Amino acid sequence: APLPASSRRLVFLIGPNKTGTRSWAEMLGKVFGLRVLHDAGAWSKASRAHDAAFFEGPYEAFTDGDNFDVAWLMATFPAATFIFNTRALLPWLVSRHFHAQDSTHAFLAGHVKSLAVHNDDATVACWVMQRDASLRRAQQALGGSGRLAVLDITAAETDPPSFFTALQPVLPTRPGTAA
């Protein structure tokens, strides 16, 4: 029988979007052998609803979350690890810009022939402030607990051995996995 979620070593990626969440999901599954839920709405909603039963399912890692209740997750799952996934600022801003543009076009497809997306200086500054505030909240909630790792996905591309070495102590693995 599976362990209750409160005693399982779950992994939550709690960084902002466009920081390699899909790459993280693939890596956590393929390299570390974890079962991953890459779904922005499902697990975030369950955390806000304080639905511990949701986390007793088959998944061990949760990526691509947004607007989750970190304090509740931390208290409810004392064995969990939290990774604030990040990315170098300029590539993140470029990716964020195109994501916003693509999302807007997808939402309006068939309703408007063209749409100019104005990601002006104020909008970009707001994104950066939100990103920085998100990291500060994670550090305030989890700092000093030994349960927060701040990791830049670009390190996986530039120095894979060091990146994977840094990950091994914070991630649960199953017997027979590469880690």
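The coordinates are above.
Residues numbered from 1 in each chain as written. Predicted model: local features only at pLDDT ≥ 70, side-chain atom pairs only at ≥ 80, totals over all residues. Heavy atoms only, no water.

So, on to the packing of aromatic side chains. The relative placement of two aromatic rings is captured by the distance of their centres and the angle of their planes. Scanning the model with the defined rule gives 13 aromatic pairs in all. Geometrically, the ring pair formed by Trp 43 and Phe 62 is tilted, given 6.0 Å between the ring centres and 50° between the ring planes. With Trp 43 in helix H2 (residues 42–48) and Phe 62 in strand S3 (residues 61–63), this residue pair connects regions lying 19 residues apart in the sequence. This pair shows no difference in class: Trp 43 is buried, exactly as Phe 62 is. Aromatic side chains Trp 72 and Phe 77 sit 5.6 Å apart centroid to centroid with 90° between the ring planes, which places their arrangement in the edge-to-face category. Comparing Trp 72 with Phe 77, the two get one shared label, buried. Members of the aromatic cluster, each reached through a chain of ring pairs, are Phe 12, Trp 43, Phe 54, Phe 55, Tyr 59, Phe 62, Phe 68, Trp 72, Phe 77 and Phe 82. When the ring centre of Trp 92 is taken as reference, the NZ or CZ atom of Arg 131 above it lies at 4.9 Å. (Phe/Tyr/Trp six-rings, centres within 6.5 Å; stacked < 30°, edge-to-face > 60°. Helix = DSSP H or I, 4+ residues; strand = E, 2+ residues; numbered from the N terminus. Buried < 20%, exposed > 50% of the residue type's maximum accessible area, 1.4 Å probe, protein only. Lys NZ or Arg CZ within 6 Å of the ring centre and 35° of its normal.)

What follows is about the sheet that holds strand S4 (residues 81–86). A sheet is described by the order of its strands in space; here five strands give the open sequence S2-S3-S1-S4-S5, paired in parallel fashion. On the outer flanks of this sheet lie strand S2 (36–38) and strand S5 (148–152), each paired with one strand and no other. Geometrically, the sheet is characterised by an average inter-axis angle of 20° between neighbouring strands, direction not taken into account. Where S4 and S5 come together, five bridges link them in parallel fashion. In the sheet register, Phe 84 faces S5, and the bridge partner there is Val 150. In the packing of helix H5 (residues 121–142) onto the sheet, contacts are made with S4 and S5, and the angle to S4 comes to roughly 160°. (Pairing = 2+ DSSP bridges. Axes fitted to C-alpha atoms, helices over the stretch in contact; angles between N-to-C directions. Contact = heavy atoms within 4.5 Å.)

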